[in-house]
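So you can see what is in the structure, the chains are spelled out below.
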Amino acid sequence: MLGLNGKNIRHHFMGVYGKVVQIRELVDVIDQVFDSVNKVGDIGKAMLGPRKASAKKLDKLR
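Residues numbered from 1 in each chain as written. Predicted model: local features only at pLDDT ≥ 70, side-chain atom pairs only at ≥ 80, totals over all residues. Heavy atoms only, no water.

**Q** How would you explain the overall build of the chain if you had to name every residue and give the values?
**A** Helix and strand counts for the chain stand at 2 helices and 0 strands. The buried share of the chain, taken over its 62 residues, is 0%. (Helix = DSSP H or I, 4+ residues; strand = E, 2+ residues; numbered from the N terminus. Buried < 20%, exposed > 50% of the residue type's maximum accessible area, 1.4 Å probe, protein only.)

**Q** Run through a nonpolar patch on the surface, naming residues and quoting values.
**A** Taken together, the side chains of Leu4, Ile9, Phe13, Val16 and Val20 make up a nonpolar region of the molecular surface, amounting to roughly 470 Å² of accessible area. Overall, Ile9 belongs to the partly exposed group, its relative accessible area being 38%. (Patch = residues over 30% accessible without salt bridge, like charges linked within 9 Å, V, L, I, M, F, W, Y side chains within 5 Å. Areas by Shrake-Rupley, 256 points an atom, 1.4 Å probe, with all protein chains shown as cover. Salt bridge = Lys/Arg side-chain N within 4 Å of Asp/Glu carboxyl O.)

**Q** Quick one: what's the story with helix H1 (residues 6–48), residue by residue and with numbers?
**A** Between its terminal C-alpha atoms H1 stretches 63 Å, which fits the 63 Å expected from 43 residues at 1.5 Å a residue. Gly49 lies just past H1 and shows a positive phi near 85 degrees. (Expected span 1.5 Å × (residues − 1).)

**Q** Give a description of a negative patch on the surface that names residues and reports values.
**A** A grouping of Glu25, Asp28, Asp31 and Asp35 is seen on the molecular surface, where their side chains present a negatively charged patch. Position of Asp31 among the secondary structure elements: in helix H1. (Lys, Arg positive; Asp, Glu negative; His and termini not counted. Charge placed at Lys NZ, Arg CZ, Asp CG, Glu CD.)

Purely geometric stuff here, so don't read any function into it on its own.
Pasting the structure below:
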């Protein structure tokens, strides 16, 4: 049977804490990626200008 002592418990929780920190960092990076993609989409829409009325009519027919 595995003996429980302070050293083993501390080692276990430090490992868990390390994984939690890594997951937080990963979530932050993914959030930044989605923000960047959203900004690129907004820039692209601004560069193309407003949609023409004929394009809106075609969308309604679909």
